[in-house]
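Architecture and fold: a report
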Amino acid sequence: MMKSPYSAINFKICLLIASLFIENHLEAATTYTISSFNESVIYGDVVLNSHSFNTHERSTFMYDSQSEAVERGLTIVHFQAGNNFEYKTFDTYGSKEDVQELLDVLTNMIQSKATFAILAHDSAAAQLTGYEKQISALGLIQLSTLKGRQAYVMHNIKGVISEQVNDNSITETIQVNIQLGGKEIFFPKEVYEFEPSSDRYIAHAGGEVNGVKSTNSKHALDENYKKGFRIFELDIIETSDGKLVAAHDWNMWARFTDYTGTLPPTHSQFMKQKIYGDYTTLDMDGINTWFKNHPDATLITDKVNDPIAFADAFIDKDRLIMELFSVMAVEKASEYGINTMISQEPLLSIKGDKVNFLKVNNVKHVAVSRRIIASQKKLMLQLRDAEIKVYVFNVNFDAGKDERYVYDNELGLVYGMYADKWIPAMKSKN
């Protein structure tokens, strides 16, 4: 039987169209979905950024548009089914215990054929000495020889261990089949109990007003007092003629007020300006008047490190807690009976028994970044058990780490937070 030449041509045309369709489909979908007759494979992008101590940058990873900044050490990111993940940082710089825990977890994950990645931050290898054979036996050859100040990224996304080392930084983007991850949990979420109370929340820089943060304005104090805050932080800095006023820093204040003169301004120039044209600035007279009219409110200071001068200028020393930034300032405040909140840097610089130092100096409050509490869990628990109240700042600095996140995940380990806004969950039962 003779075949029609038109049938052959049509068949070739169909093949060409089909091949072009498949090629275009695959090219467009490699980072999302690859379809076949029987299944659809969905991929998610993972971006791993490892920075050594030399770069002075924070290491991060991003998955499903969620970015996480990690602390010093080695961080394991475990990819689970359904686009979920869990992660934990091990302080392999300062803790042999953390190194052993890391190795135990990695052994279990490899035996379970889990999909995971590792990234280093800062001087991550300081405590790995002596564990080289154990690390190498896990197939992590480059990790076993990692130097103290090197960047490192590892993953087994395609079933084969891949490692990279660099003296400065590594950025790698990989794709994870989100349907193949397991449901096993290697880092169970810890739940901390706490009793709700309004004194767990400090209105950061007076609190947010009409969606604007860090105004340090009378309007911010008024609005956030109505919402439920009773503790208010204000940044205290000096004008060019030595007057104390509330502003985060002079460059930010100039942007907020469209001020174009010399910085710092004089006290008179400061008082003439409105923040965004609407919000009233505060000098010491304004601060004292507001707190006189709100006798159940407490002031937390930031920036100022002269406890005696400010305490003498404030209306009620009993309703004042000063965040201080040196051991010497803390000791001076203790001598004069000024309520003190020690800041993160001097706290971590204390040699020996930190809790004993705080008790001797009658320090009942601590301010630390929420970014460090995972790596400083032991210290956080010691402070909690000693009834020293730890408040975390850097709320809203990282994507997804807002007031609700801190409330749900970190209160109880720490006492409270510097909050930009009041959320319904923070309503006191009292």
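The residue numbering used here restarts from 1 in each chain and proceeds along that chain's sequence as written. Whole-chain, interface and lining totals are the exception, using all residues; otherwise, since this is a predicted model, local features are given only for residues with pLDDT of at least 70 and side-chain atom pairs are given and counted only at 80 or more. Note that water and hydrogens are dropped before the side-chain values are worked out from all heavy atoms of the structure.

Attention now goes to the packing of aromatic side chains. In this analysis, rings of Phe, Tyr and Trp, with Trp reduced to its six-membered ring, are considered paired at centre separations within 6.5 Å, and the interplanar angle assigns stacked below 30 degrees, edge-to-face beyond 60, and tilted for intermediate values. This structure, assessed with the given rule, holds 21 aromatic pairs. Ring geometry for Tyr63 versus Phe79: centroids 5.2 Å apart, planes at 75 degrees, classification edge-to-face. Placement of Tyr63 in strand E3 (residues 60–63) and of Phe79 in strand E5 (residues 73–80) is noted, with a sequence separation of 16 residues between them. We note that Tyr63, like Phe79, is buried. Each helix is a run of H or I in the DSSP string that is no shorter than four residues. Each strand is a run of E no shorter than two, and both are numbered from the N terminus. Note on exposure labels: buried denotes an accessible area under 20% of the residue type's maximum, exposed denotes more than 50%, and partly exposed covers the range between, all computed with a 1.4 Å probe on protein chains only.

Attention now moves to the nonpolar core. Among the nonpolar cores identified, the biggest contains 59 residues, and Ile287 and Met417 are the most heavily contacted of them. For this core, the element with the most residues is helix H8 (residues 284–293), which contributes four residues. Pairs of residues are marked as contacts when any of their non-hydrogen atoms sit within 4.5 Å. Non-local contacts of Met417, meaning those with residues more than four positions away in its chain, are made with Arg200, Tyr201, Ile202, Tyr391, Val392, Val395, Glu403, Val406, Tyr407, Leu411 and Met426. Counting 26 residues, the second-largest nonpolar core is a separate cluster that includes Ile76, Phe90, Val105 and Leu140. Among the buried residues, those of types Ala, Val, Leu, Ile, Met, Phe, Trp, Tyr and Cys that are joined through side-chain atoms within 4.5 Å form a nonpolar core.

The rolling of a water-molecule-sized probe over the atoms marks out the regions of remaining empty space. Each cavity reported here is a set of points on a 1 Å grid over the protein atoms alone in which a 1.4 Å probe fits but cannot get out, each pocket an open set with protein on both sides within 12 Å along at least five of seven lines, and each lining residue one with an atom within 4 Å of a point. Grid points are joined across faces, edges and corners, and a volume is the space filled by probe spheres set on the points. Taken as a whole, the largest pocket encloses approximately 1,900 Å³ of empty space. What lines the largest pocket is a set of 48 residues, among which Lys88, Thr89, Ile373, Ala374 and Ser375 lie closest to the centre. Contributing elements (two or more residues each) for the lining of the largest pocket: strand E4 (66–69), strand E6 (84–90), helix H2 (96–111), strand E7 (115–122), helix H11 (344–349), helix H13 (377–385) and helix H14 (403–409). Per-element tally for the lining of the largest pocket: the top contributor is E6, with five residues. For the lining of the largest pocket, a count of residues per class yields 16 nonpolar, twelve polar and 20 charged. In this model, the second largest pocket occupies a volume close to 340 Å³. Contributing to the lining of the second largest pocket are 20 residues, with Thr115, Asn156, Ile157, Lys158 and Gly159 lying nearest its centre. Contributions of two or more residues to the lining of the second largest pocket are made by E5, H2, E7 and strand E10 (169–177). Residue classes in the lining of the second largest pocket are distributed as eleven nonpolar, seven polar and two charged. Throughout, the ten residues Ala, Val, Leu, Ile, Met, Phe, Trp, Tyr, Cys and Pro are labelled nonpolar, Asp, Glu, Lys and Arg are labelled charged, and all others, Gly among them, are labelled polar.

To continue, consider empty space enclosed by the protein. Considering all chains together, one arrives at one cavity of 30 Å³ or more under this definition. Put simply, the largest cavity is a space of about 40 Å³. Around the largest cavity, the lining residues are Ser214, Thr215, Asn216, Ala247, His248, Asp249, Met252, Trp253 and Phe256. Looking at the lining of the largest cavity residue by residue, the classes come out as four nonpolar, four polar and one charged.

Take the pattern of salt bridges next. Basic side-chain nitrogens of Lys or Arg form a salt bridge, by our definition, when they fall within 4 Å of a carboxyl oxygen of Asp or Glu. For the structure on display, the rule yields 17 salt bridges. One salt bridge in this structure joins Lys401 and Glu68, with 2.6 Å as the shortest N-O distance. Remark: Glu68 occurs in strand E4 and Lys401 occurs in the loop between strand E21 (389–393) and H14; sequence separation between them is 333 residues. Both residues of the pair, Lys401 and Glu68, count as buried.

On to H8, then. Every buried residue of H8 is listed here: Met284, Ile287, Asn288, Trp290 and Phe291. Projected down its long axis, H8 carries its buried residues within an arc of 165 degrees, all on one side. Away from its buried face by more than 90 degrees, H8 exposes Asp285, Lys292 and Asn293. Buried positions along H8 lie against helix H5 (218–227), strand E12 (231–238), strand E13 (244–246), strand E16 (282–283), strand E17 (298–302) and helix H9 (307–313). The arc in question is the one spanned by the directions pointing from the helix axis to the C-beta atoms.

Note on placement: Ile308 falls in helix H9. Taking the C-alpha atoms as reference, Ile308 lies 9.3 Å from Ala329; in sequence the two are 21 residues apart. Once you skip the residues sitting within four places of it in the chain, Ile308 turns out to touch Lys332, Tyr336 and Ile338.

On to the pairing of E12. The buried count for E12 comes to seven of eight residues, which makes it a mostly enclosed element. Two strands form a pair only when DSSP identifies at least two bridges running between them. In this structure, strand E11 (residues 201–203) lies alongside E12, joined through two bridges in parallel fashion. Across the sheet, the residue bridging to Ala203 is Phe232, located in E12. Here E12 runs beside E17; their pairing, made up of five bridges, is parallel. Within E17, the residue paired with Leu234 across the bridge is Thr301. Note that E12 and E13 share three bridges and pair antiparallel. For Glu238, the partnering residue across the bridge sits in E13 and is Leu244. Hairpin remark: E12 followed by E13, antiparallel, with five residues in the connecting loop; positive phi at Gly242, about 80 degrees.

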